[in-house]
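Architecture at a glance
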Amino acid sequence: MRITERKHVAILSLVLFIICGSLLSGCVRWTDPKVSAAENVEMRKFPYPYRSMVAFASDIDGTTPQEFVQYHRFLNTEEMTPMGQGLGLDVGDSFFIYDATDDTHPHYVDYQKDTAPKVMTFFNGLDIHSKKDADMIAYYWKAGWIDSMHGYGDFNHSNKRQALCTRPYAKAAWDALKEEGISPDIWINHGNEANKQNFGAYSKFGFASYQQGDNPGSPFYHTDLLLHNGVRYVWNSKGDSTFGMNSVLFPIALRDGHKIWGFHRYSADKKIGWTWGPNAIYLQLTDNRLQDLVNKQHLVVIAQHFGGGNGAVPFNKKNADAFRLLASYQRKGDILVARTSRLLHYNRARDFLKYHIVRNGDLVKINIDGIQDPIFGFQHVTVDDVRGITFYVPDPGKASIFIGTKELKASDIVRSPADFTGRKSVGIAWFAPVTYDYTKMAPKG
Ligand SMILES: [Zn+2]
């Protein structure tokens, strides 16, 4: 071979190497096992061993303090309850601040024929000087059984033009919540067209044309206060019939120029219609649906109204059994049941995590830099912000995880054997289960 030919071969090899390296990073695996160790690091979709995630986002409509206690004892604790042994699931809830509805008669909110004023609300009616269940709401917020606000309250009115939730009520609500240390980052629209404070789905025509919460020119404008007080996720009143998706988040552009995360809630079935009542839980949680969720590795937020029934207990046997079915999926390691805030936080952290890998021989160091949120910008994180984040690694025993420059404690790390894909993993421990019966110490509603 002449020198020029050699040069050509050398250049050609170099070009091929670069193409190979840039297009197919895996191609170096065949030649250098040490490189392969680092390159095999890949994020797992869910914390080990789970393959999917479910949250219930229950609207507090029609829920009395007694009903709230009844169903959370069954869902969250392992105590014996009138509906059977508690399931010990991580299920959150929402709350109302005001009650301004005229929907009192003959609409009963429970089997004792109580009406709307008995529903759990922070204030009595619209009176910001008269607290009703404020202590109870603050207590369960701290306990983790409440994590979402169902608007500012119930402003449903038979006269849909009778809209009352103007900006001063929004302001007073935030002041009161701040005083109690309640800081939800999830807002769920409530109710009919009299709830002009709703937002997130506005269009000039159609069902959402009444929404004024994000219109700076309206007396019902408040989304600036909402964002200022830390709300980051909104359900915009649009029901979904899709049970499970890769991400439940989508960006919403507000009319005041801000942006916020919207999230999908499964709330209706194409054939049956709305399934978000407590008598339709067995229609929401079918074996087929849950298995499909697992197979597709999806997450879902399920809309409900746990306290919306009028039976002697919140869930009859058929519906309690549906929850038992869900609990069995968690027990076998297929579905992680999480309160709505945890699911949304996880969804965002997983999809926008910024991290880099540092390799030293066989050792793999995973450095978490933060979350590059496309709406709210880069965010530094604590361990609680990234719980559940899991990486496939060749050897979990030789992997470590850092947040910034700080290595995570052994108790925050989970090293796991091969899963259904045949790959081992290392991850940040999910939240420890809490099945304590908080009703034992609760202020009475
Ligand atoms: Zn509602």
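A brief look at the structure comes next.

The rules behind each value
- Residues numbered from 1 in each chain as written.
- Predicted model: local features only at pLDDT ≥ 70, side-chain atom pairs only at ≥ 80, totals over all residues.
- Heavy atoms only, no water.
- Helix = DSSP H or I, 4+ residues; strand = E, 2+ residues; numbered from the N terminus.
- Buried < 20%, exposed > 50% of the residue type's maximum accessible area, 1.4 Å probe, protein only.
- Contact = heavy atoms within 4.5 Å.
- Areas by Shrake-Rupley, 256 points an atom, 1.4 Å probe, with all protein chains shown as cover.
- Lys, Arg positive; Asp, Glu negative; His and termini not counted.
- Charge placed at Lys NZ, Arg CZ, Asp CG, Glu CD.
- Donors = N, O, S within 2.8 Å, 3.2 Å for Na, K, Ca; no water.
- Tetrahedral: all angles 85-135°; square planar, octahedral: opposite > 155°, others 65-115°.
- Polar contact = N/O pair within 3.5 Å; in protein donor to acceptor, adjacent residues only side chain to side chain.
- Axes fitted to C-alpha atoms, helices over the stretch in contact; angles between N-to-C directions.
- Parallel < 35°, antiparallel > 145°, perpendicular 65-115°, else oblique.
- Left-handed = near helix turned anticlockwise from the far one by under 90°.
- Nonpolar A, V, L, I, M, F, W, Y, C, P; charged D, E, K, R; others polar.
- Expected span 1.5 Å × (residues − 1).
- Arc of directions from axis to C-beta.
- Patch = residues over 30% accessible without salt bridge, like charges linked within 9 Å, V, L, I, M, F, W, Y side chains within 5 Å.
- Salt bridge = Lys/Arg side-chain N within 4 Å of Asp/Glu carboxyl O.
- Pairing = 2+ DSSP bridges.
- Core = buried A, V, L, I, M, F, W, Y, C linked by side-chain atoms within 4.5 Å.
- Phe/Tyr/Trp six-rings, centres within 6.5 Å; stacked < 30°, edge-to-face > 60°.

What the protein contains, in helices and strands, is 10 helices and 26 strands. Principal-axis analysis of the C-alpha atoms places the extent of the protein at approximately 100 × 55 × 45 Å. Evaluated residue by residue, the protein yields a buried proportion of 54% over its 445 residues. Of the contacts made within the protein by residues no fewer than 6 positions apart, 71% connect residues no fewer than 24 positions apart. In the form shown here, the protein has an accessible surface area of approximately 20,200 Å², with 54% of it arising from carbon and sulfur atoms. A gap of 7 Å separates the mean positions of the 51 positive and 46 negative side-chain charges of the protein.

For the zinc ion, the full set of protein donor atoms is Asp61 (OD), Asp61 (OD), His150 (NE2) and His190 (ND1), at a range of 2.0 to 2.4 Å. Geometry at the zinc ion is irregular, judged from the 4 donor atoms that bind it and their angles of 56 to 138 degrees at the metal.

Along the chain, Gln211 falls in the loop between β11 (186-188) and α6 (223-228). By relative accessible area, which is 0% here, Gln211 ends up buried. On a C-alpha basis, the gap between Gln211 and Ser237 in space is 10.0 Å, while along the polypeptide they are 26 residues apart. Excluding its chain neighbours within four sequence positions, the residues that come into contact with Gln211 are Asn189, Lys196, Asn198, Phe199, Gly200, Ala201, Tyr202, Asn236, Ser237 and Arg255. A polar atom in the side chain of Gln211 sits 2.8 Å from the backbone nitrogen of Ala201.

Following both chains from N to C, one finds helix α8 (residues 287-296) and helix α9 (residues 317-331) inclined at 25 degrees, their axes separated by 10 Å at the closest point. Here α9 runs roughly parallel to α8, going by the angle between their axes. Where α8 crosses over α9, the handedness of that crossing is right-handed. Contacts between α8 and α9 involve Asp287, Leu290, Gln291 and Val294 on the former and, on the latter, Leu325, Leu326 and Tyr329. For the contact of α8 with α9, the per-class residue count stands at 5 nonpolar, 1 polar and 1 charged.

A separate point is helix α10 (residues 340-352). With 13 residues, α10 should cover 18 Å at 1.5 Å per step; its first-to-last C-alpha distance of 18 Å lies within 8% of that length. Counted residue by residue, α10 has 10 buried out of 13 residues, so it is predominantly covered. For α10, the set of buried residues is Thr340, Ser341, Arg342, Leu343, Leu344, Tyr346, Asn347, Arg348, Ala349 and Arg350.

Quick look at α9 now. Here α9 spans 20 Å end to end across 15 residues, near enough to the 21 Å set by a 1.5 Å rise per residue. Within the sequence span of α9, burial applies to Asn319, Ala320, Ala322, Phe323, Leu326, Ala327, Tyr329 and Gln330. Each buried residue of α9 lies within a common arc of 165 degrees when the element is viewed along its axis, so the set occupies one face. Those residues of α9 that are exposed and angled more than 90 degrees off the buried face are Lys317 and Arg331. Those residues of α9 hidden inside the fold are in contact with β2 (52-58), α3 (65-76), α7 (281-284), α8 and β18 (335-337). Phi for Gly333, located one or two positions after α9, is positive at around 85 degrees.

As a further point, take a nonpolar patch on the surface. On the surface, a nonpolar cluster with roughly 310 Å² of combined accessible area is contributed by Val434, Tyr436 and Met441. In this structure, Val434 sits in the segment after β26 (425-428). Using a relative accessible area of 47% as the deciding quantity, one classes Val434 as partly exposed.

It is worth spelling out the sheet that holds β2 at this point. Within the open sheet, the 3 strands sit side by side as β17-β2-β18. Their pairing is parallel. The strands lining the two open edges of the sheet, one partner per strand, are β17 (299-304) and β18. Looking at each pair of strands side by side, their axes are set apart by 25 degrees on average, direction ignored. Inspection of the sheet shows β2 paired to β17 by 6 bridges, in the parallel sense.

Before going further, it helps to examine the nonpolar core. Counting 73 residues, the largest nonpolar core has Ile97, Tyr140, Tyr152, Phe315 and Phe323 as its most contacted members. Take this core: its biggest share by element is 8 residues, from helix α4 (residues 134-143). Residues within four places of Tyr152 in sequence aside, it is in contact with Phe96, Ile97, Tyr98, Cys165, Ala170, Ala173, Trp174, Trp187, Gln197, His222 and Leu226. Core analysis: the next-biggest nonpolar cluster, separate from the first, contains 46 residues, Val41, Val301, Ala303 and Ala399 among them.

So, about the side chain of Ser237. Take Ser237: it is sitting in the loop between β12 (233-235) and β13 (249-253). One polar contact links Ser237 to Asn189, side chain to side chain, over a distance of 3.1 Å. Ignoring any residue separated from it by four or fewer positions in sequence, one finds Ser237 in contact with Asn189, Asn198, Phe207, Tyr210 and Gln211.

Throughout the structure, instances matching the rule amount to 31 aromatic pairs. Ring geometry for Trp274 against Trp276: centres 4.4 Å apart, planes inclined by 15 degrees, an arrangement best described as stacked. Exposure remark for Trp274: the relative accessible area of 51% places this residue in the exposed category. Residues Tyr355 and Phe391 carry aromatic rings whose centres are separated by 4.9 Å and whose planes lie at 65 degrees to one another, so their mutual orientation is edge-to-face. Of this pair, Tyr355 sits in strand β19 (residues 353-360) while Phe391 sits in strand β22 (residues 390-392); the two residues are 36 residues apart in sequence, bridging distant segments of the chain. Given the relative accessible area of 30%, Tyr355 is considered partly exposed.

Shape descriptors only; they carry no functional weight alone.
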